[in-house]
Amino acid sequence: MSPDTSVVSGQQSQGPTASHRGHWGGVFAMSFGAFALVASEFMPVSLLTPMAADLQVSEGAVGQGIAISGVFAVLTSLSISALAGSINRKVLLLGLTAVMAVSGALVALSPGYLLFMIGRALIGVVIGGFWSMSAATAIRLVPATRVPRALAIFNGGNALATVLAAPLGSYLGSIIGWRGAFFCLVPVAILCLVWQWISLPSLKVPQRSTTIRDIFSIFTAFRNRPIAWGLAACGAFFMGQFILFTYIRPFLETVTRINVASISFVLLVLGVTGFAGTVLIGRFLGRRLYWTLAIIPALMALIAAALVPFGAWFPAVVVLLGLWGLLGTSAPVGWWSWIAKAMPSNAEQGGGLMVAVVQTCIALGSTLGGLLFDSIRYRGTFVASAVVLLLASLLALVTSRVTRQPVAEPAGS
């Protein structure tokens, strides 16, 4: 994920020395924060239909709650480090976690659509801020040789939320309602806040002045053609994925025609296969990185297209969505590997761009999917997803071809 750009500028203090064991309690607290954050971000996916009925809006309008969180995540990821200046990063992380709790409470208690969208905008701020500082925090918590392990633990919380959040949200929604499911996120965020307060050390940064140029300097990486093409391919992938994924629940209810328990089962299958995909994809990276990044969206496009004729057949839907989870959840691992390879001298700034591109395209995908789902229902939505995913596959191949041409990284990247 995107780190604090104080690392990029070389002003960030280093983590513990090799003789120091590091602050592993803080690492696990950050992993728990990632779990709570991802669960909060995608909770609407499993509760779309009851939320729409209660708020008296369409499913597409509720889906915009994911879009608006993506917009605010982009704005935050690009600006938080520069705007935060010399604020102690522990204080900043605690503040973001507190905002996560406020967001969950606002959504759970919202009497109408406006307050719901404000709550979703707040979770977008947390998403952008948390992921933008995650790598920089890991660097300062553990010795340099243990940073990969710390980042793996961070992402473990992400992966666990991917497995549990959607089916658990659907199950809780059937028992205590969608508001109760969202309110369950509040004590989780408070627990995370207390854990971070106890386990994170002080994370001071040097005094420095902030200018508007600091915020926009991140975009210089687009001068590099392979990076520009790669980010376009990455963005197309996430856009195509979320055109379909955001509207899984209404599809299962209105087309497959299954009950809440069966929906929870399907979402659990999707999560479990996604977790397996994150474990297995490492075997297909390395020299086959670009082929992997091209093949995954192509296969997902076939799945999206196949769901149109087979959407009413429950066994086929389980298999197809299981494969969707296997491929879709593992692909981001490949894209993070790509950015580290494409910008070896400054992979962290590349991570900042990734956060912005991914969240922008998630917002675009969920918005487009909502417009299509409300107007021409699931067929047009799923076909659009397939088309954009095929575009992502082609762009990945173009990235591979352009990368073979020796191009220096842009100044300042």
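Details of the structure are given in the entry above.
Residues numbered from 1 in each chain as written. Predicted model: local features only at pLDDT ≥ 70, side-chain atom pairs only at ≥ 80, totals over all residues. Heavy atoms only, no water.

A. Looking closely at unusual backbone geometry. Look at Gln56: it is not a glycine, yet its phi comes out positive at around 60 degrees. Classification of Gln56 by relative accessible area gives exposed; the value is 73%. Of note, the phi angle at Arg377 is positive, near 65 degrees, even though the residue is not glycine. If you trace the backbone, Arg377 turns up in helix α14 (residues 347-403). We classify Arg377 as partly exposed; its relative accessible area is 35%. (Buried < 20%, exposed > 50% of the residue type's maximum accessible area, 1.4 Å probe, protein only. Helix = DSSP H or I, 4+ residues; strand = E, 2+ residues; numbered from the N terminus.)

B. Broad picture of helix α4 (residues 89-109). For α4, built from 21 residues, the straight-helix expectation of 30 Å at 1.5 Å per residue is met to within 8% by its first-to-last C-alpha distance of 30 Å. Capping the start of α4 is the job of one residue whose side-chain oxygen sits 2.9 Å from the backbone nitrogen of Lys90: Asn88. (Expected span 1.5 Å × (residues − 1). Polar contact = N/O pair within 3.5 Å; in protein donor to acceptor, adjacent residues only side chain to side chain.)

C. The packing of helix α2 (residues 24-55) against helix α10 (residues 248-256), seen in detail. Across the interface, α2 lies against α10 with an axial gap of 7 Å and an inter-helix angle of 55 degrees. Regarding the angle of α2 to α10, the classification is oblique. On α10, the residues that touch Val45, Ser46, Leu47, Leu48, Thr49 and Pro50 of α2 are Arg249, Pro250 and Glu253. Of the residues contributing to the contact of α2 with α10, the split by class is five nonpolar, two polar and two charged. (Axes fitted to C-alpha atoms, helices over the stretch in contact; angles between N-to-C directions. Parallel < 35°, antiparallel > 145°, perpendicular 65-115°, else oblique. Contact = heavy atoms within 4.5 Å. Nonpolar A, V, L, I, M, F, W, Y, C, P; charged D, E, K, R; others polar.)

D. Structural view of the pattern of salt bridges. Applying the stated criterion across every chain, the model contains two salt bridges. Asp54 serves as the salt-bridge partner of Arg179, at 3.0 Å between the closest nitrogen and oxygen. Highlighted residues: Arg179 in helix α6 (residues 147-183) and Asp54 in helix α2, separated in sequence by 125 residues. Classification of Arg179 as partly exposed rests on a relative accessible area of 25%. Judged by relative accessible area, which is 38%, Asp54 ranks as partly exposed. Close ionic contact of Arg249 with Glu253 constitutes a salt bridge, the shortest N to O distance being 3.1 Å. A residue pair is termed a helical-turn pair when its members lie 3 or 4 positions apart in one helix, as Arg249 and Glu253 do in helix α10 at four residues. (Salt bridge = Lys/Arg side-chain N within 4 Å of Asp/Glu carboxyl O.)

E. Spatial organisation of the environment of Val205. Along the chain, Val205 turns up in the loop between α7 (185-199) and α8 (212-216). On the accessibility criterion, Val205 (9% relative accessible area) is buried. Residues Val205 and Ile87, 118 residues apart in the sequence, show an inter-C-alpha distance of 7.1 Å.

F. Main features of the side chain of Ser170. Relative to the assigned elements, Ser170 resides in helix α6. Relative accessible area serves as the criterion here: at 1%, Ser170 is assigned to the buried category. Looking at Ser170, its side chain comes within polar contact range of the side chain of Ser264, at 3.0 Å. Apart from residues no more than four positions distant in its own chain, Ser170 is found in contact with Ser46, Leu47, Arg249, Val260, Ile263, Ser264 and Leu267.

G. Spotlight on the nonpolar core. Judged by nonpolar contacts, the single largest core of 120 residues is most densely connected at Phe182, Phe237, Leu252, Leu307, Leu321, Trp324 and Trp338. Sequence-distant contacts of Leu252, defined by excluding residues within four places in its chain, comprise Arg257, Ile258, Ile263, Val266, Val317 and Leu321. (Core = buried A, V, L, I, M, F, W, Y, C linked by side-chain atoms within 4.5 Å.)

H. Representation of the packing of aromatic side chains within the structure. Following the criterion strictly, the structure yields twelve aromatic pairs and no others. Measuring from centroid to centroid gives 6.0 Å for Tyr113 and Phe116, while their planes differ by 35 degrees, and the two rings are tilted. Linking Tyr113 with Phe116, this pair stays in helix α5 (residues 113-141), spanning three residues, or about one helical turn. Its relative accessible area of 0% is what places Phe116 among the buried residues. Aromatic pair Trp178 and Phe182: ring centres 6.0 Å apart, planes at 85 degrees, arrangement edge-to-face. Note that Trp178 and Phe182 are positioned in helix α6 at a spacing of four residues, about one turn of the helix. For the pair Trp178 and Phe182, a shared accessibility class is recorded, and that class is buried. By way of ring pairs, the aromatic residues Phe32, Phe35 and Trp195 are connected into one cluster. (Phe/Tyr/Trp six-rings, centres within 6.5 Å; stacked < 30°, edge-to-face > 60°.)

This is a description of form; function is not addressed.
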